[in-house]
Amino acid sequence: MNDLDRTGAADAPWRGLDHKPGCALPAEFYTSAAVYARDLETILFRSWIYAGHVSQLPAVGSYFLVELGSESFIVVRSADDTIRAFANVCRHRGSRVCLESSGQVRAFVCPYHAWAYDLDGRLRSRRAMPEGFDPAGYGLKTVRCEIFQGLVFISLNADVPDLAISLEPVAPAYAIYDLENARVAHQDTYTVDANWKLTIENFMECYHCAPAHVEYARCHTLKSPKDNDALRPAMLKAASELGYETGGYDNSMPQDGSVAYYYQRNALYDPNVTGSQDGRPVAPLLGSIPDFGGGVADVQIGPVSYGIFYPDHAVLYRFQPRDVQKTDMDIVWLVHKDAEEGRDYDRASLTWMWEVTTEADKTIILNNQRGVNSRYYEPGPLSEMEEFTTRFIDWYLSEID
Amino acid sequence: MNDLDRTGAADAPWRGLDHKPGCALPAEFYTSAAVYARDLETILFRSWIYAGHVSQLPAVGSYFLVELGSESFIVVRSADDTIRAFANVCRHRGSRVCLESSGQVRAFVCPYHAWAYDLDGRLRSRRAMPEGFDPAGYGLKTVRCEIFQGLVFISLNADVPDLAISLEPVAPAYAIYDLENARVAHQDTYTVDANWKLTIENFMECYHCAPAHVEYARCHTLKSPKDNDALRPAMLKAASELGYETGGYDNSMPQDGSVAYYYQRNALYDPNVTGSQDGRPVAPLLGSIPDFGGGVADVQIGPVSYGIFYPDHAVLYRFQPRDVQKTDMDIVWLVHKDAEEGRDYDRASLTWMWEVTTEADKTIILNNQRGVNSRYYEPGPLSEMEEFTTRFIDWYLSEID
Amino acid sequence: MNDLDRTGAADAPWRGLDHKPGCALPAEFYTSAAVYARDLETILFRSWIYAGHVSQLPAVGSYFLVELGSESFIVVRSADDTIRAFANVCRHRGSRVCLESSGQVRAFVCPYHAWAYDLDGRLRSRRAMPEGFDPAGYGLKTVRCEIFQGLVFISLNADVPDLAISLEPVAPAYAIYDLENARVAHQDTYTVDANWKLTIENFMECYHCAPAHVEYARCHTLKSPKDNDALRPAMLKAASELGYETGGYDNSMPQDGSVAYYYQRNALYDPNVTGSQDGRPVAPLLGSIPDFGGGVADVQIGPVSYGIFYPDHAVLYRFQPRDVQKTDMDIVWLVHKDAEEGRDYDRASLTWMWEVTTEADKTIILNNQRGVNSRYYEPGPLSEMEEFTTRFIDWYLSEID
């Protein structure tokens, strides 16, 4: 094999694909196993991925599992109160160590042969090993784990820049929500038989909101650039008075390896004050927010995590590739840590908006993939309302190469 | 890679397979993904494929979907009363445009971003596209669509000869059934985990009828060449008096790219007059047929469509490849357009014969595929009663190369 | 292609895998389709595989099917009382000939076209074949079939040494159980989504018994080398007095192509006399065993068949590869042929121990495979209690090459 071959399309099929700027991606990006394997390496396993929330780790020994692709990780509060993450793979013969998706333990005991690991991952007991076996070399393998305002992120990439440093500029904008003192009220996973990029391309544009999401469109001005422009000045004024950061932060296409982020406030239609069926509050105010009003924040942290922050609850998405044409859309609903179900909020009311919207998206995305799989698919031009999808595609192409 | 390699077995594995004339095909024809991909191109996507019946398109805007392989097509009655067929793929980002399998619409509106297409496929409305976007270039992609005596066919091949011209010789033989004035009384799909060629090889011989289809064999003389020969002269005389075309038409192996067809009358055992549980009529006579008697017509149109035309109903088969070892057997039962369910026919009685026969074939074909997948499979010699299967294999081999 | 290529890792990926002696196997052995295909050829299809028991073939024409990988075989008692095995593939067009998993027939009649085969496999009737067709060339294909003390084995390998000759040394040890006069009381299949080698590696060590199988561990001293050593002398003395062979036989790693075997007696904890929930008898004594006591025999015959022989019943395992990560664990429970369900034994009590143990193993093995599939899996060192697993790995590596 010569050098030309080595760098050619055979090894890197995405290089031979003729993408037309401003258009959707060629079909192979959504259908090729080789492209998918590359996506995992260059996007999912290189960046910071939202893993969970500190409220899920209330005490020493509290842990939860995170599945990424076919990998499983343990995130745990260790004895020194540090939150750590480990590959959920026993160092003996490779069994998964934790089977339950969350819980509280004093040590991690492998269910196969009972090798036991401390909460900091060190092998602390095993039986009948030969002379000369040194347990120091057999601790659970670690992955990076950092916390941003209560949100726990992990990365398989030892060289990724620190999460906190990357997010420093945008930190003040999130501060008012005080997510560190929030709590997971509900989580759900929607699995769609489509490539992960189609799920993000869908999430990143509101061109489809008016035709496909009447529930969302009744409430959020993002569905109409004209309305958004018209209603924003008054909203920003109100937001500013309530203490919100009203400037936008946009680092959604980082070229230097730092973690992507985005923050922008958008108006809700009167008289909606949150994302709910009737537009009325569904939970107590988050953090130090003094009152309703001030619109909603649309945010991004990292390449596959997005959020919608209302005054009374926050919705976090993680788009997680599971196979070439299979993606989990994991959603978490956060409320104030003192909010009590039944007394302060009703779970069905809290989750209604993004359950109905995600159900609709699941159908949309599936039918998008089906059409992309056709020999008659030809990537068409994107509208002005799909600017962020275009930007995602451009960023993706720069990363994948 | 030299020219020899290019044309060698690596690129065209079917060339390296050693087929013994008069025998079943080597296993790879039923198991290889490369052969299957070739089959789609050279057979399914090159020929005319039965799509539906004009009775399913009663008014302007009436449409139905056809799935072929992983493709989806829309067949619609346009505003000018022409029946047209389109790839069911939006020209924007590729979503399927129609999701319901049939219906009536004023325009095709993509459920994703509401791009709207006229019934003739032209893009007529879309929002927020950049300056200079020319909708003329973004109509739904068309495939060929022609009608033969009320039967709608589509072809993905722009160069296939006209259906009507190809079928001109056989048209008079079908005329007595007046299928244009028939109606779909029932349709059903039987999915079998086997290669599509095994389903056609099964359909094309009656060597298995006596052992495997007692219901069919009680009624149809095709199960016994001796009986068929003995009873045919009297049947043909009666058929001639009733106005049937009694000569056979056989163009089932066209070498010039024209559409295959076949027509032959076969006797039913006395006192059966149609293909039903008790041999008695199950619906009003079709077309201009004056009375019962005159046997049954066994027909073929195109490479994957076959029919059995009784005096009171017609049964149409489409064998549709879905994967290397997955095939849909789509069946349609046609009755006179004025026949009313409950009054003129009972659906269960109408469909009994070919439901029970197809259920049996589904089991047979599945077990055939299972055996073919064995390392002990060796293609055996075909009997005299499998002449048409042998012909199908020979034709297939000439087309595939 | 030069010689280097021929012997290189591309053709034989297992050669490029860096196995560390004394450790678990590299992941590719449990994940690679190429390794799996090789495993079938060099292990499953080269050796003797347990197929069933003579009690399942009580009369001439009695047969049962055996599925191996994607192959199906018929094992039948022929007219001359010989037990024979055939590929379950019709010589005509390849259909499976027998569809029911067991039964009694006078001949094998293919359900497709009614080709009929004698019980010795000869084609004896078929219809409408062309002149010159010689049925002598179209009998069912045979595979080897031999019987050892009532246990029927088949082999796809015409050159494998005779089963009986290979097993001659160990035959006296099994004789006391008189399995020829036993009877299948129950059989069950546990399918686990894991590579077959993980199922055998699991079965061959009792390092996991104490942590993972409390039911087994309460009864069997194998779970503790210390207890096993301590209790064995008294047990062997008692066993000897009862007439058991007390020496061990160990040919579990044959290098000459002969069939592997193993036999060793191990103690049960007092007061257990058999492998049951309360340790008390669950069936009448087998063969010529005079009384309870004398521990339990752990045995192996062939590469994928293992057994646990208690005084009152025997449990036989067959670990059968179905796909790279799919294995059937087939279990058979044997009792004395005169034992009658309801009167002499209760099926639920008889099967309890190995049902509960196998259910637990199914979970264990699945989670082992999941961890092995991780990029963080690194084969760890095996303990002293996993000696037989280490030996299996070493033997496997010597065979696969």
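Residues numbered from 1 in each chain as written. Chains lettered and ligands numbered in written order. Predicted model: local features only at pLDDT ≥ 70, side-chain atom pairs only at ≥ 80, totals over all residues.

Student: Help me understand the overall build of chain A, please; the structure alone is not making it clear to me.
Tutor: Helices and strands together make up the secondary structure of chain A, namely 11 helices and 17 strands. Computed over its C-alpha atoms, the radius of gyration of chain A comes to 22 Å, within 12% of the 21 Å expected for a compact globule of 401 residues. When each of the 401 residues of chain A is scored for burial, the buried share is 49%. Contacts in chain A between residues at least 24 apart in sequence constitute 65% of all its contacts with a sequence separation of at least 6. (Helix = DSSP H or I, 4+ residues; strand = E, 2+ residues; numbered from the N terminus. Rg over C-alpha atoms; globule rule 2.2 N^0.38 Å. Buried ≥ 20, exposed ≤ 12 C-beta atoms within 10 Å, placed from the backbone. Contact = placed C-beta atoms within 7 Å.)

Student: What is the right way to read helix α9 (residues 225–242) of chain A from this model?
Tutor: Spacing of three or four residues puts side chains on the same side of an α-helix, whose turn is 3.6 residues. Residue and element names in this part refer to chain A. A rise of 1.5 Å per residue sets the reference length of α9, with its 18 residues, at 26 Å; its end C-alpha atoms lie 24 Å apart and thus fit the reference within 8%. Along α9, the helix axis deviates most sharply at arginine 232, where the bend reaches about 45°; the proline proline 233 sits within four residues downstream. Note on α9: the residue one or two positions beyond its end, glycine 243, has a positive phi of about 100°. (Expected span 1.5 Å × (residues − 1). Bend = angle between axes of the 7 residues up to and from the residue.)

Student: Just checking my understanding: could you explain the domain arrangement of chain A for this structure?
Tutor: Frequently, the measure chosen for interface size is the accessible area removed from exposure when the parts meet. All names here are of chain A. Entries for chain A in the domain assignment read domain 1 (49–147) and domain 2 (163–400). Placing the centre of domain 1 and that of domain 2 at their C-alpha centroids yields a distance of 32 Å. For the side of domain 1 that touches domain 2, the element with the highest residue contribution is strand β1 (residues 49–53), accounting for three residues. A breakdown of the residues in the side of domain 1 that touches domain 2 according to their chemical character gives four nonpolar, four polar and one charged. (Domains from an automatic or database assignment. Nonpolar A, V, L, I, M, F, W, Y, C, P; charged D, E, K, R; others polar.)

Student: Where do I start with the interface of chain C and chain A in this structure?
Tutor: Of the residues lining the interface, 21 residues belong to chain C; the matching set on chain A comes to 24 residues. Looking at the side of chain C that touches chain A, the element that brings in the most residues is helix α10 (residues 347–372) of chain C, giving six residues. Taken together, the residues of the side of chain C that touches chain A sort by class into 10 nonpolar, eight polar and three charged.

Student: Just to check I follow, could you spell out the interface of chain B and chain C for this structure?
Tutor: Each partner contributes residues to the interface: chain B has 21 residues there, and chain C has 23 residues. Looking at the side of chain B that touches chain C, the elements that each hand over two or more residues are α7 (209–212) and α10 (347–372) of chain B. For the side of chain B that touches chain C, the element with the highest residue contribution is α10(B), accounting for six residues. Residues belonging to the side of chain B that touches chain C are distributed by class as follows: 10 nonpolar, eight polar and three charged.

Student: Mind showing me how you'd approach the sheet that holds strand β14 (residues 296–301) of chain C here?
Tutor: Strand pairing in a sheet relies on backbone hydrogen bonds, with the paired strands running either antiparallel or parallel. Residue and element names in this part refer to chain C. Spatial ordering of the open sheet is given by β11-β17-β16-β15-β14-β13-β12, a layout of seven strands whose pairing is antiparallel. Single-partner strands in this sheet number two, and they are β11 (182–192) and β12 (249–251). Each strand axis lies, on average, 20° off the axis of its neighbour in the sheet, ignoring direction. Docked against the sheet, α10 engages β11, β16 (314–323) and β17 (326–336), running at close to 20° with respect to β11. (Pairing = 2+ DSSP bridges. Axes fitted to C-alpha atoms, helices over the stretch in contact; angles between N-to-C directions.)

Student: Please explain the sheet that holds strand β8 (residues 123–125) of chain B as it appears in this structure.
Tutor: Residue and element names in this part refer to chain B. Spatially, the three strands line up as an open sheet ordered β6-β7-β8, and their pairing is antiparallel. Only two strands of the sheet have a single partner each, and these edge strands are β6 (108–109) and β8. Here two bridges tie strand β7 (residues 116–117) to β8, and the two strands are oriented antiparallel to one another. Directly across from tyrosine 117, in β8, lies its bridge partner leucine 123.

Student: Can you walk me through the pairing of strand β3 (residues 71–77) of chain B in this structure?
Tutor: Side-chain direction in a regular strand flips from residue to residue, so the side chains alternate between the two faces of the sheet. Residues and elements named next belong to chain B. Most of β3 is tucked away, with seven of its seven residues classed as buried. With burial as the criterion, each face of β3 is covered, one bearing Glu71, Phe73, Val75 and Arg77 and the other bearing Ser72, Ile74 and Val76. Taken together, the six bridges between strand β2 (residues 62–68) and β3 define a ladder with antiparallel strand orientation. The residue bridging phenylalanine 64 from the neighbouring strand is valine 75, located in β3. In textbook terms, the turn of a hairpin is the stretch between consecutive antiparallel strands, and for β2 and β3 this stretch comprises two residues, one of which, glycine 69, has a positive phi near 55°. Inspection of the sheet shows β3 paired to strand β4 (residues 83–87) by five bridges, in the antiparallel sense. Paired with phenylalanine 73 across the strands is alanine 87, a residue of β4. Joining the antiparallel neighbours β3 and β4 is a turn of five residues, in which aspartate 81 adopts a positive phi near 70°.

Student: Looking at this structure, how should I read the relation of the copies chain B and chain C?
Tutor: What connects the two chain copies is a rotation about an axis and a shift along it. The two copies are related by a screw operation: chain B maps onto chain C through 120° of rotation and 0.0 Å of translation along the axis, at an RMSD of 0.1 Å. One copy is carried onto the other by what is essentially a three-fold rotation axis. (Least-squares fit on C-alpha atoms with pLDDT ≥ 70 in both.)

Student: Please explain the nonpolar core as it appears in this structure.
Tutor: Note on soluble globular proteins: their nonpolar side chains tend to be buried together. With 367 residues, the main nonpolar core has A:Phe73, A:Val75, B:Phe73, B:Ile74, B:Val75, C:Phe73 and C:Val75 as its most contacted residues. Not counting residues up to four positions away in its chain, the partners in contact with C:Phe73 are C:Leu65, C:Val66, C:Leu68, C:Ala85, C:Phe86, C:Ala87, C:Asn88, C:Val143 and C:Ile154. (Core = buried A, V, L, I, M, F, W, Y, C linked by C-beta atoms within 7 Å.)

Student: What am I meant to see in the packing of helix α6 (residues 196–203) of chain C against α10(C) here?
Tutor: What describes two packed helices is the angle between their axes and the distance between those same axes. Residues and elements named next belong to chain C. Running from N to C, α6 and α10 cross one another at 125°; their axes reach a closest spacing of 10 Å. In terms of axis orientation, α6 runs oblique to α10. Relative to α10, α6 is oriented so that their crossing is right-handed. Between α6 and α10, the contacting residues are Leu198, Thr199 and Asn202 on the first element and Asp361, Ile364, Ile365, Asn368 and Gln369 on the second. Split by residue class, the contact of α6 with α10 holds three nonpolar, four polar and one charged. (Parallel < 35°, antiparallel > 145°, perpendicular 65-115°, else oblique. Left-handed = near helix turned anticlockwise from the far one by under 90°.)

Student: Sorry, what's going on with unusual backbone geometry here?
Tutor: Negative phi values dominate among residues other than glycine, just as trans dominates among peptide bonds. In this structure, the amide linkage connecting B:Asp270 to the following residue, B:Pro271, adopts the cis form with an omega of 0°. Position of B:Pro271 relative to the elements: it lies in the loop between β13 (261–266) and β14 (296–301). A positive phi angle is found at B:Gln149, which is not glycine, with a value near 50°. Within the element layout of this structure, B:Gln149 appears in the loop between β9 (142–148) and β10 (151–155). Located in the positive-phi region is C:Asp81, a residue other than glycine, with phi close to 70°. If you trace the backbone, C:Asp81 turns up in the loop between β3 (71–77) and β4 (83–87).

Student: Would you mind going over helix α11 (residues 387–400) of chain A with me for this structure?
Tutor: Residues and elements named next belong to chain A. Along its 14 residues, α11 runs 20 Å from first to last C-alpha, staying within 8% of the 20 Å computed at 1.5 Å per residue. Three or more residues of α11 are buried, namely Phe388, Thr389, Thr390, Phe392, Ile393 and Tyr396. The secondary structure elements touched by the buried residues of α11 are α6 (196–203).

Student: Got a minute to help me understand the pairing of β16(C) in this structure?
Tutor: All names here are of chain C. Most of β16 is tucked away: eight of the 10 residues are buried. Note that strand β15 (residues 305–309) and β16 share five bridges and pair antiparallel. Bridge assignment links isoleucine 308 to a residue of β16, and that residue is valine 315. The turn linking β15 back onto β16 is made up of four residues. Direction of pairing for β16 relative to β17: antiparallel, over a ladder of nine bridges. Its bridge partner lying in β17, tyrosine 317 is registered against isoleucine 331.

Student: What exactly am I supposed to notice about the environment of C:Gln320 here?
Tutor: Residues and elements named next belong to chain C. Following the sequence through the fold, glutamine 320 ends up in strand β16. When the 23 C-beta atoms within 10 Å are taken as the criterion, glutamine 320 is described as buried. Distance in space between the C-alpha atoms of glutamine 320 and cysteine 110 is 27 Å, their sequence separation being 210 residues. Every residue in contact with glutamine 320, bar those within four places of it in the chain, is listed here: Leu68, Val304, Thr327, Asp328 and Asp330.

Student: Could you clarify how one ought to interpret the environment of A:Tyr63 in this entry?
Tutor: All names here are of chain A. Secondary-structure assignment places tyrosine 63 in strand β2 (residues 62–68). Considering only alpha carbons, one finds tyrosine 63 and serine 78, 15 residues apart in sequence, at a separation of 9.1 Å. Sequence-distant contacts of tyrosine 63, that is, excluding residues within four places in its chain, are made with Ile74, Val75, Val76, Cys98, Ser102, Gly103 and Val105.

Student: Help me understand the confidence of the model for chain A, please; the structure alone is not making it clear to me.
Tutor: Residue and element names in this part refer to chain A. Here chain A shows a mean pLDDT of 94. Residues at 70 or above account for 97%. Every residue in residues 1–8 is under pLDDT 50, and counting partners more than four places away or in other chains gives three contacts. Quick note on the complex model: pTM equals 0.92, ipTM equals 0.93. (pLDDT = per-residue confidence, 0-100.)

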